[in-house]
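Here is what each chain is made of, one letter per residue.
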Amino acid sequence: MDVFSSDRARHRWSLLGGVAVVALGVAACAGRPLAVSPAEMPELEARLAERPNDADVLLRYAAALYSAGQCDSARVVAAAGSRLRPGSALGPLVIGQCFEADGDYDAAIAAYDGFLTRNAEARGGAAVGARRLSAIRARATSRAQDALAREADFQPADPQTLAVLPLDIVGDERYEPLSRGLAELLTSDLALLERFRMVERLQVQALFDEMALSQTDRVDQGTAVRMGRMLQAGRLVQGVAAIPDDEDMQLSASIVQSDGQVISAATQEGRLNDLLQLEKNVVIDLAGRLGYQLSEAERQLILENGTQNLTAFLAYSQGLAAEDLGDYVGAAVFYQQAVQADPGFQQARSQYRSAAATPTVQQASVGDVTTVADTDVEDPGVAAEEPAFDAVSASLADVAATTSEQTAATTSSSEQTSTQAAGTVTSQAPPTVTTQAPPPTVTGTIRIVFRLP
């Protein structure tokens, strides 16, 4: 059975999404969040005449201006309100959405980032994160479309700008989401090297989508050169993860120069359990092939970046795949699984909050901006009443190392590196994979709470 079938997955999560939407409607009625309308503007102006430094009135007035389509004034008033009430999500939501309406996604993202840097966990922070995610995706699509339209105008890019293409996954199709997860991790790790500037994974994926390239097929050399030019990346990283059913896996990554020349691949082999360590080894090897001398501090940053828990990473990769399909409810469930497997996985925690809030944010009208600013998302580390793991996660958990096995493997690898002359270090064989049991029922809970000011 193809448990990674996109049609089945989307149907499964659409059912969950229906439940979530109903629950949100009940919460909204119970909390009676107050929407805003242009009709309130005269009253709000009168109140501001009496109390010009009332932050709550300023921010609501900004929201009313935004709902009336008066974005120039709304941004000014929202900025004044945000200076008085920096912890309120309403100001950046008004400012950011006004910039989005103008197509200025860079300014919108900057407004959202400014708030999230200080208030990511605050009430309304998830909604700001959802708007940021929407703006980033819209910007990526706009840039990809523009790049295709102006392809002939692009000049060779700076060789210190790198882009990682989605990896080709060879073997068991259940692991196809790793195409995105490994590309994201490679991009994140290479970004830790001082010399290089990385193109966002979402930007690369947007160009893939606009060019109608297959996610599972490797990009040929000529297409890679085209993509590099349109992404303004002087060099591209192409990777392959071969994951056979009953043999060790192989992870490799090669570098494609702007002239089409390919630098020999960095290759690592080992058990699937060791995937995250293999990826780190590939990054360190790639750095050398790029002519970069790693400092010891950079090496440690790479080794410590991201989760060390394979089950969490697999769930996170599934979340990225669902999110790229626009299935934010399904993505939130996968990100929640990742956080429950590794509570310290901060990227998964952040993306859970944004994905969980996105359906509400997408359905909100301009007058609902005050309501959206008052939303909150339950901590993803809180387990649902029933486990939120599906058949895929169950089978992946069988092949993923337990925490103790991963610790033992890491220790053993370290000892082997430093004491090879002393003898051979043996490792425990991976656990037997059982695939006969029927898949468990898929369940998940996403709670978004509305609170009055």
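Everything numeric here is computed off the predicted structure, so don't read it as measured data.

When helices and strands are tallied, the chain shows 18 helices and 8 strands. The burial tally for the chain puts 51% of its 453 residues in the buried class. When contacts within the chain are restricted to residue pairs at least 6 apart in sequence, long-range pairs at least 24 apart make up 68% of them. Of the roughly 20700 Å² of accessible surface on the chain, a fraction of 51% belongs to carbon and sulfur atoms.

Turning to the layout of surface pockets, a few remarks are in order. There is about 890 Å³ of room inside the second largest pocket. Looking at the second largest pocket, it is lined by 35 residues, and the ones nearest its centre are Arg132, Glu184, Tyr316, Gln347 and Gln351. Mapped onto the lining of the second largest pocket, the elements with two or more residues apiece are helix 6 (105-119), helix 7 (125-149), helix 8 (178-190), helix 9 (201-210), helix 13 (310-324) and helix 15 (346-363). Per-element accounting of the lining of the second largest pocket gives the leading share, 7 residues, to helix 15. Each residue belonging to the lining of the second largest pocket can be placed in one class, and the counts come to 12 nonpolar, 14 polar and 9 charged.

The tendency in soluble globular proteins is for nonpolar side chains to be buried as a group. Core analysis: the biggest nonpolar cluster contains 60 residues, and Leu93, Val94 and Val369 have the highest contact counts within it. Of all the elements, helix 3 (residues 55-67) adds the most residues to this core, at 9 residues. The residues touching Val369, leaving out its near neighbours within four places in the chain, are Val36, Ala63, Tyr66, Leu90, Leu93, Val94 and Gln97. Counting residues in each nonpolar core, the second largest holds 38 residues, with Leu162, Leu190, Ala266 and Leu314 among its members.

On to the packing of helix 3 against helix 5 (residues 90-101), then. Direction vectors running N to C along helix 3 and helix 5 enclose 25 degrees, while the axes themselves pass 9 Å from each other. Taken together, the axis directions place helix 3 and helix 5 in an arrangement best described as roughly parallel. The chirality of how helix 3 crosses helix 5 is left-handed. For the pair formed by helix 3 and helix 5, the contact residues are Leu59, Arg60, Ala62, Ala63 and Tyr66 on the first element and Leu90, Gly91, Val94, Gln97 and Cys98 on the second. Looking at the contact of helix 3 with helix 5 residue by residue, the classes come out as 7 nonpolar, 2 polar and 1 charged.

Under the criterion given, the structure shown has 3 aromatic pairs. On the numbers, 5.7 Å between centres and 45 degrees between planes, the contact of Tyr316 with Tyr335 is tilted. Separated by 19 residues along the polypeptide, Tyr316 in helix 13 and Tyr335 in helix 14 (residues 328-341) bring together distant segments of the chain. For the residue pair Tyr316 and Tyr335, the accessibility class agrees, reading buried in each case. Centre to centre, the rings of Tyr316 and Phe345 are 5.1 Å apart; their planes meet at 50 degrees, and the pair counts as tilted. Remark: Phe345 occurs in the loop between helix 14 and helix 15 and Tyr316 occurs in helix 13; sequence separation between them is 29 residues. In this pair, the class of Tyr316 matches that of Phe345, namely buried.

Moving on: the pairing of strand 1 (residues 161-164). Of the two faces of strand 1, the one lined by Thr161 and Ala163 and the one lined by Leu162 and Val164 are each fully buried. In this sheet, strand 4 (residues 235-243) lies alongside strand 1 in parallel orientation, the contact comprising 3 bridges. Across the sheet, residue Ala163 finds its bridge partner in strand 4, namely Leu236.

Its identity is not glycine, yet Gln232 carries a phi of approximately 55 degrees, on the positive side. Look at Gln232 and you get partly exposed, because its relative accessible area is 29%.

Relative orientation of the contacting elements helix 7 and helix 15 amounts to 80 degrees, with a least axis distance of 7 Å. The orientation of helix 7 relative to helix 15 falls into the category roughly perpendicular. Listed contacts from helix 15 to Gly125, Ala126, Ala127, Gly129, Ala130, Arg131 and Leu133 of helix 7 are Arg353, Ser354, Ala357, Thr358 and Val361. Class assignment of the residues belonging to the contact of helix 7 with helix 15 gives a composition of 6 nonpolar, 4 polar and 2 charged.

Per-chain confidence: the chain averages 82 in pLDDT, with 76% of residues scoring 70 or above. The spread of mean pLDDT over the elements of the chain runs between helix 1 (residues 6-31), the lowest at 40, and helix 5, the highest at 98. Considering only residues more than four positions removed or in separate chains, one finds that residues 1-30, a stretch of pLDDT under 50, has 39 contacts. Across residues 399-446 the pLDDT falls below 50, and counting only partners more than four positions away or on other chains, this stretch makes 49 contacts in the model.

A few words now on helix 6. When the terminal C-alpha atoms of helix 6 are compared, their 21 Å separation across 15 residues agrees well with the 21 Å that a helix rising 1.5 Å per residue should span. Restricting attention to buried positions, one finds in helix 6 the residues Ala107, Ala108, Ile109, Ala111, Tyr112, Phe115, Leu116 and Asn119. The inward-facing, buried residues of helix 6 contact helix 5 and helix 7.

Using the criterion set out here, one finds 27 salt bridges in the structure. A salt bridge links Arg75 to Asp102; the shortest N-O distance between them is 3.2 Å. With Arg75 in helix 4 (residues 71-84) and Asp102 in the loop between helix 5 and helix 6, this residue pair connects regions lying 27 residues apart in the sequence. Among the residues examined, Asp102 registers a relative accessible area of 53% and is labelled exposed.

Quick look at a negative patch on the surface now. Where like charges cluster on the molecular surface, the negative patch consists of Asp245, Asp246, Glu247, Asp248 and Glu269. Position of Asp248 relative to the elements: it lies in the loop between strand 4 and strand 5 (249-257).

Calculation rules
- Along every chain, residues carry numbers that run from 1 in the direction the sequence is written.
- The predicted origin of the model limits local features to residues at a pLDDT of at least 70 and limits the giving and counting of side-chain atom pairs to 80 or more, whereas totals for whole chains, interfaces and linings rest on all residues.
- Side-chain numbers here rest on the full set of heavy atoms in the structure, without hydrogens or water.
- Under the DSSP-based scheme used, a helix requires at least four consecutive residues in state H or I and a strand at least two consecutive residues in state E, with every element numbered from the N terminus.
- Burial classes follow relative accessibility: with a 1.4 Å probe on protein chains only, a residue under 20% of its type's maximum area counts as buried, one over 50% as exposed, and anything between as partly exposed.
- The criterion used for residue contact is that any of the two residues' heavy atoms lie within 4.5 Å.
- In this description, accessible areas are obtained by the Shrake-Rupley approach with a 1.4 Å probe, and a residue is regarded as covered only by the protein chains that are shown.
- Lining residues are those with an atom within 4 Å of a point, where the points come from a 1 Å grid over the protein atoms alone and group into cavities, where a 1.4 Å probe fits but cannot get out, or pockets, open sets with protein on both sides within 12 Å along at least five of seven lines.
- Grid points are joined across faces, edges and corners, and a volume is the space filled by probe spheres set on the points.
- Following the grouping adopted for this structure description, the nonpolar residues are Ala, Val, Leu, Ile, Met, Phe, Trp, Tyr, Cys and Pro, the charged ones are Asp, Glu, Lys and Arg, and the polar ones are all others, Gly among them.
- Side-chain atoms within 4.5 Å are what join buried Ala, Val, Leu, Ile, Met, Phe, Trp, Tyr and Cys residues into a set we call a nonpolar core.
- Between N-to-C directions, angles cover 0 to 180 degrees, with each direction set by a line fitted to C-alpha atoms, over the stretch in contact for helices.
- Orientation labels follow simple angle bins: below 35 degrees gives roughly parallel, above 145 gives roughly antiparallel, 65 to 115 gives roughly perpendicular, and whatever is left gives oblique.
- In this scheme, a crossing is called left-handed if the near helix is turned counterclockwise away from the far one by less than a right angle; it is called right-handed if the turn is clockwise.
- Pairing of aromatic rings covers Phe, Tyr and Trp, the last through its six-membered ring, and needs centres within 6.5 Å; plane angles under 30 degrees mean stacked, over 60 mean edge-to-face, and all others mean tilted.
- Pairing between strands is defined by DSSP: at least two bridges between them are needed.
- On a scale of 0 to 100, pLDDT captures the predictor's confidence in every residue.
- Expected span of a helix, by definition, is 1.5 Å for each gap between consecutive residues, and there is one gap fewer than residues.
- When a carboxyl oxygen of Asp or Glu is within 4 Å of a side-chain nitrogen of Lys or Arg, the pair counts as a salt bridge.
- Patch members must show over 30% relative accessible area and no salt bridge, and they are joined within 9 Å when carrying like charges or within 5 Å when they are nonpolar side chains of Val, Leu, Ile, Met, Phe, Trp or Tyr.
- Residues scored as positive are Lys and Arg, those scored as negative are Asp and Glu, and His as well as the terminal groups of each chain are ignored.
- Charge coordinates come from a single atom per side chain, which is NZ of Lys, CZ of Arg, CG of Asp or CD of Glu.

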